[in-house]
Amino acid sequence: MMAYVAENQPPALPPGQPSGPDDPTPPRGLERLDRVVDAEEYVRFQEFQRFQEYQRYVESQGPGQPATRVEEHLVEVRQQLARIERVTNPPTWQKVLRNKWLHRALWLVVLVVLATWGVPRLIHHYVGGDQPQNGASLHPGTVQGSGKLYDNPEDAVAEFYHVIMGGPPNNANACQVLTPTAQRQWSQLMGVTDCPAGVRKVYGELTAAQKDAYSNVQVPPAPRTGPGRAQVSSCSIDLESGAPRLGLFQLTQDTQQEWQVTGVQPDPNPCPPPPTTASAPPT
């Protein structure tokens, strides 16, 4: 009996050899490999499951619909990303226009312009007031290609006298009051080659009292000689101290209701006496 058992037992394995298939203990060194293989197979199994779910979703939606919906969704996503990009990263010109410091600088420029030019001009035009000693800034006018424009004929003639009184080099700006045609006519009247030469000639002959008379010149209302036309004679201006008179000015009104000196002719010499008002008959 003991011999039978010994004959039916498997031979002993040499040390270090792997166990047989009936041995439940895995060989040493294979435990980690089994775990890796199982993890990779499980991932592939999960991917296969998701693929099967997607196939069932496609079959449930009908032919052609999933692709169309995916494309529509992608278009919406792209549009949303574009809107976000425009808001978070606008172009350079929009960044410049949105700059608060630029807005403040522009408002400051507007306020400075109104304070230095607009408000005084409106006050003088509608309210009036005392005339300053330096008449060169009394009637600024608007520079145009053919000369300066004024709200009324009297301002144009008054500035011509005022600016000449101011002295060089600024008095050369008096020629801007006249159109090119009026400049040539006035130069001939003064016996010089051009308008700036006439200004220098007149200024060089003025005494201190005559400069003061030019500074405080008052031009009476100009008579209208026709539609959009007026005339100012220097004889009608009360010039003290024998200050020279600068001619008979013809003015024209443009389509914007502004006036400009368009011609200069010689005044009568001597000037006619001022008209006298008839006294009322005794009652």
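Residue numbers run consecutively from 1 along every chain, following the written order of its sequence. Local features are withheld for residues below a pLDDT of 70 in this predicted model, meaning they are given only at 70 or higher, and side-chain atom pairs are given and counted only at 80 or more; totals for whole chains, interfaces and linings count all residues. Note that the side-chain values use all heavy atoms of the structure and ignore hydrogens as well as water.

### A few points about the overall build of the protein chain
The criterion, for reference: For the purposes of this entry, the term helix denotes a DSSP run of H or I that reaches at least four residues, the term strand denotes a run of E that reaches at least two, and both are numbered from the N terminus. Each residue gets one of three labels from its accessible area relative to the maximum for its type: buried under 20%, exposed over 50%, partly exposed in between, using a 1.4 Å probe on protein chains only. Contacts: residue pairs with any heavy atoms within 4.5 Å of one another. The protein chains shown are the only cover counted for residues, whose accessible areas, like all others here, come from Shrake-Rupley with a 1.4 Å probe.
Regarding its fold elements, the protein chain presents 9 helices and 6 strands. The proportion of buried residues among the 283 residues of the protein chain is 25%. Put simply, of all contacts in the protein chain between residues at least 6 apart along the chain, 52% involve residues at least 24 apart. Carbon and sulfur atoms make up 58% of the accessible area of the protein chain, which totals about 20,300 Å².

### Some points on the nonpolar core
Selection rule: Here, the term nonpolar core denotes a set of buried Ala, Val, Leu, Ile, Met, Phe, Trp, Tyr and Cys residues that are joined through side-chain atoms within 4.5 Å.
Counting residues in each nonpolar core, the largest one holds 36 residues, and the members touching the most others are Leu178, Trp186, Tyr214 and Phe249. Elements with a minimum of two residues in this core: α6 (153–165), α7 (180–190), α8 (195–205), α9 (208–215), β4 (229–233), β5 (248–253) and β6 (259–265). Sorting elements by how many residues they give to this core places α6 first, with 8 residues. Sequence-distant contacts of tyrosine 214, defined by excluding residues within four places in its chain, comprise Tyr161, His162, Ile164, Met165, Val202, Leu206, Leu239, Ala243, Pro244 and Leu246.

### Considering the sheet that holds strand β3 (residues 224–226)
Here is the rule we go by: At least two DSSP bridges between two strands are required for those strands to pair. Think of each axis as a best-fit line through the C-alpha atoms, taken over the contacting stretch in the case of a helix, with angles from 0 to 180 degrees between the N-to-C directions.
In spatial order, the strands read β3-β4-β5-β6; together these 4 strands make up an open sheet with antiparallel pairing. Of all the strands in the sheet, just β3 and β6 have a single pairing partner and so form its edges. Ignoring strand direction, the axes of neighbouring strands in this sheet form an average angle of 30 degrees. As paired elements, β4 and β5 share 5 bridges and run antiparallel to each other. Bridge pairing in β5 links glutamine 231 to glutamine 250. Packing against the sheet, α6 makes contact with β3, β4, β5 and β6, and its axis sits at approximately 135 degrees to β5.

### As for the state of the cysteines
Put simply, the test is: The rule for a disulfide is simple: a pair of cysteine sulfur atoms within 2.5 Å.
Across all of its chains, the model carries 2 disulfides by this definition. The residue that forms a disulfide with cysteine 175 is cysteine 195, at a sulfur-sulfur distance of 2.1 Å. Where cysteine 175 bonds to cysteine 195 through sulfur, the torsion about that S-S bond is close to -105 degrees, and the disulfide is left-handed. You can see cysteine 175 sitting in the loop between α6 and α7 and its partner cysteine 195 sitting in helix α8, a full 20 residues away along the chain. Residue cysteine 175 is classed as buried on the basis of its relative accessible area of 6%. Assessed through its relative accessible area of 3%, cysteine 195 is described here as buried. Two residues, cysteine 235 and cysteine 271, share a disulfide whose sulfurs are 1.9 Å apart. One quick way to see it: the torsion about the S-S bond of cysteine 235 and cysteine 271 is about -70 degrees, and its sign makes the bridge left-handed. Of this pair, cysteine 235 sits in the loop between β4 and β5 while cysteine 271 is found in the segment after β6, placing the two residues 36 residues apart along the sequence. Take cysteine 271: its relative accessible area is 31%, and that puts it in the partly exposed class.

### Re α7
Rule in force here: Working note: the arc is built from the helix axis to C-beta atom directions.
Residues of α7 that are buried include every one of Ala182, Trp186, Ser187 and Met190, and no others. Seen from one end, α7 has its buried residues packed into an arc of 135 degrees, which puts them on one side. Exposed and oriented more than 90 degrees from the buried face of α7 are Arg184 and Gln188. For α7, the secondary structure elements touched by its buried residues are α6, α8 and β6. Positive backbone phi, at 75 degrees, marks glycine 191, one or two positions downstream of α7.

### Some details on unusual backbone geometry
That bond from asparagine 269 to proline 270 is cis: its omega, 5 degrees, falls within 30 degrees of zero. One can find proline 270 in the segment after β6. Even without glycine at this site, serine 241 takes up a positive phi of about 65 degrees. With respect to the secondary-structure elements, serine 241 resides in the loop between β4 and β5.

### Overview of the pairing of β6
In terms of burial, β6 is largely enclosed, as 5 of its 7 residues are buried. Where β5 and β6 come together, 6 bridges link them in antiparallel fashion. Among the inter-strand pairings, leucine 251 is bridged to a residue of β6, identified as valine 261. Count of turn residues in the β5/β6 antiparallel hairpin: 5 residues, of which glutamine 257 carries a positive phi of about 65 degrees.

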